[in-house]
Amino acid sequence: MRTVVQKPNVLLIIADQLRYDCLGFSGMAPVRTPCLDRLASEGMWFGRAFNHIPVCGPARQSLVCGQRPETFGGLWNYSLGLKVGSLQPEAYSWARSLKEAGYRNGYIGKWDVNPSADPTLFGYDEYVDSDKQYNAFIRENYPDLQYMNGAFGETDPLPLQDTRTHQTARLAAEMLQTLHEAGSPWHLRVNFHEPHLPCRPAGEFAAMYRPEEVPEWGSFRETFAGKPYIQRQQLLNWGIENYTWKEWAPIVARYFGIISQLDDAVGRLLQRLEELGMAEDTLVVFTSDHGDLCGGHRMFDKHYILYEDVVKVPMIVRWPTAIPEGTRCDRFVYNLLDLPPTLLELCGAAAPENHRFHGESLVPLLFGDSPRSWREEVVATYNGQQFGLYTQRMIRTDRWKYIWNHTDVDELYDLEADPHELHNVAGHPLSREVLQDLRRRLYEILLRDGDGLVRNSWMKAQLLEGRKL
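Note that the structure is predicted; figures quoted are calculated from it, not measured. Per chain, the residues get numbers from 1 upward, laid out in the order the sequence is written. With the structure being a predicted model, the display of local features is reserved for residues of pLDDT at least 70 and the display and counting of side-chain atom pairs for 80 or more, all residues being used for whole-chain, interface and lining totals. No hydrogens and no water enter the side-chain calculation; it runs on all heavy atoms of the structure.

Concerning the environment of Phe220
- By secondary structure assignment, the location of Phe220 is in the loop between helix 6 (203–206) and helix 7 (229–238).
- Remark: the alpha-carbon pair of Phe220 and Trp248, spanning 28 residues in sequence, is separated by 9.9 Å.
- Apart from residues no more than four positions distant in its own chain, Phe220 is found in contact with Tyr243, Thr244, Trp245, Trp248, Gly295, His297 and Arg298. Helical segments are the DSSP runs of H or I of at least four residues, strand segments are the runs of E of at least two, and each set is numbered from the N terminus. In what follows, a contact means two residues having at least one pair of non-hydrogen atoms within 4.5 Å.

Put into structure tokens, the structure is as follows:
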């Protein structure tokens, strides 16, 4: 392990609903992201980073405290549909621990942690409500602006410098300057809305991808045979049950376009970091709260499924003075649960002894040490959203993915034979021993992390006694 003698600054950049395969560096989808590709080449790329709950609010609340949302009641987005709990200001926040260790903390962009308490009540010294500012800017400068295509997106007529991506980057660059002048180590969290639907790329990015050249997702030939009913229902909910790739290709092209536009905005922010002379001493993390379907499995958005499209995410960590460039980690990591203990360790801070993180510090992986033991699976959860309540728990290993659907048939995918998760083999006689093992492991992790769904005899019996279809 390298010896770290100076506390790093921390720039944490969070995209919204960005698929793991939609950065150029992944070598998968044909998306142009030169700035993020450069960032990845200068640090460590994580090939197996996973989100633990693919819903914006619960995921972001977990990032603040480092625990799964089932432990504090933030089960779905509080801004849509049924009322639900959220992380409260009295809860633990690792930003406070950084502050106690001498850091000055800044926050820009999307929040989704508490409907009435802003980041300053969770340990952040500086907070810019960029949404509020942006909406006021649009009302004042473009009072007649209208978008006509709803969630499916369209070309943004605004000049690039007036789009939300570039306003967020500009405000973040200004806060970088403020934090730099304060003279103490700092942490800045920048939260972009993009590429969350609706996708509205502007200028050159709107025309960057021709729909007829956008390839089908590998999962697009979905039949839903032997799968939960709710997946087919989602096609009806969105009115896309008859969409062919001809209808999907323009939507995916806009998704690619707004990702490239996001890349440009992130590049400008990183350029400002270099201009201020802080790049060498700053730990930069880029990731996303979760992924997106965007036509994968013929579906839209991210709900009621736990496919790779939504639970696998991109993650990059760069720190020039400590992490070798061009490195890659293919261990299973949780981007939002592992980051809190990692950042505290790197910054010389600590959580109270009575606070248990649900993730692990990535420091051994970042510095090339081989930990004696590391997780061999990841677990993700889902609890429902605006289309109704629906609970799921997932465990994913090298080869297998098992999804415990509490009110419908379970799912099991052999990722070696079926990487696009098209064939549910949960009911196959040869899967019995695999199911038994995965259910036991899932039960043990959920119980350890305080998930209430396994704290009664009926649900325990589903997993440990096979009382489940």
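Having put the structure on the table, let's press on.
A closer look at the state of the cysteines
- The disulfide definition used here is simple: a pair of cysteine sulfur atoms within 2.5 Å. Per the stated rule, a full pass over the model turns up zero disulfides.
- Counting only cysteine sulfurs, Cys199 is the nearest neighbor of Cys294, a cysteine outside any disulfide, at a range of 6.1 Å.
- Between Cys347, a free cysteine, and Cys65, which holds the nearest cysteine sulfur, the sulfur-to-sulfur gap is 18 Å.
- Accessibility expressed as a relative area gives 0% for Cys347, which makes it buried. Throughout this description, buried means an accessible area under 20% of the type-specific maximum (1.4 Å probe, protein chains only), exposed means over 50%, and partly exposed covers the range between.

Overview of the pattern of salt bridges
- A carboxyl oxygen of Asp or Glu within 4 Å of a side-chain nitrogen of Lys or Arg is what we treat as a salt bridge. This model, assessed by the stated rule, comprises 40 salt bridges.
- Among the salt bridges present, the one from Arg441 reaches Glu377, with a minimum N-O distance of 2.8 Å. Of this pair, Arg441 sits in helix 12 (residues 432–448) while Glu377 is found in the loop between helix 11 (363–366) and strand 12 (378–385), placing the two residues 64 residues apart along the sequence.
- A relative accessible area of 18% places Arg441 in the buried class.
- Connected through shared salt-bridge partners, Asp16, Arg60, Lys110, Asp112 and Asp289 make up one network.

With respect to the packing of aromatic side chains
- Between the rings of Phe, Tyr and Trp (Trp by its six-membered ring), a pair exists once the centres lie within 6.5 Å; its type follows the angle of the planes, with under 30 degrees stacked, over 60 edge-to-face, and the other angles tilted. What the rule picks out here adds up to 23 aromatic pairs.
- For the pair Tyr107 and Trp111, a centre-to-centre distance of 5.1 Å together with 90 degrees between the ring planes defines the contact as edge-to-face. Pair check on accessibility: Tyr107 and Trp111 agree, each one buried.
- Each ring, one from Tyr107 and one from Tyr127, has its centre 6.0 Å from the other, and the planes form 65 degrees; the classification is edge-to-face. Of the two residues, Tyr107 sits in strand 4 (residues 104–109) while Tyr127 sits in strand 5 (residues 126–128), which places them 20 residues apart along the sequence.

Some thoughts on helix 8 (residues 245–275)
- Take the residue count of a helix, subtract one, and multiply by 1.5 Å to get its expected span. Here helix 8 spans 44 Å end to end across 31 residues, near enough to the 45 Å set by a 1.5 Å rise per residue.
- The element helix 8 is extensively covered by neighbouring structure, given that 22 of its 31 residues are classed as buried.

What to know about the environment of Asp292
- Relative to the assigned elements, Asp292 resides in the loop between strand 7 (282–288) and helix 9 (308–311).
- Residues Asp292 and Asp451, spaced 159 residues apart in sequence, show a C-alpha to C-alpha distance of 25 Å.
- If near-sequence neighbours (up to four positions away) are discounted, Asp292 is found in contact with Gln17, Arg19, Tyr255, Asp301, Asp309 and Val310.
- One polar contact links the side chain of Asp292 to the main-chain amide nitrogen of Cys294, over a distance of 3.4 Å. Polar contacts here mean pairs of N or O atoms no more than 3.5 Å apart (in protein, one a potential hydrogen donor and the other a potential acceptor; neighbouring residues in sequence count only if both atoms are side-chain atoms).

Side note on the packing of helix 4 (residues 130–141) against helix 5 (residues 164–182)
- Angles run from 0 to 180 degrees between N-to-C directions of axes, and those axes are lines fitted to C-alpha atoms, restricted for helices to the stretch in contact. At a closest axis distance of 11 Å, the pairing of helix 4 and helix 5 adopts a crossing angle of 125 degrees. By the angle class used here, helix 4 and helix 5 are oblique. Crossing geometry of helix 4 relative to helix 5 is assigned as right-handed. Contact residues: helix 4 offers Ser130, Asp131, Gln133, Tyr134 and Asn135, while helix 5 offers Arg164, Gln167 and Leu171. In what follows, roughly perpendicular refers to angles from 65 to 115 degrees, roughly parallel to angles under 35, roughly antiparallel to angles over 145, and oblique to any angle outside these ranges. For a crossing to be left-handed, the near helix must be turned anticlockwise from the far one by less than a right angle; the clockwise case is right-handed.

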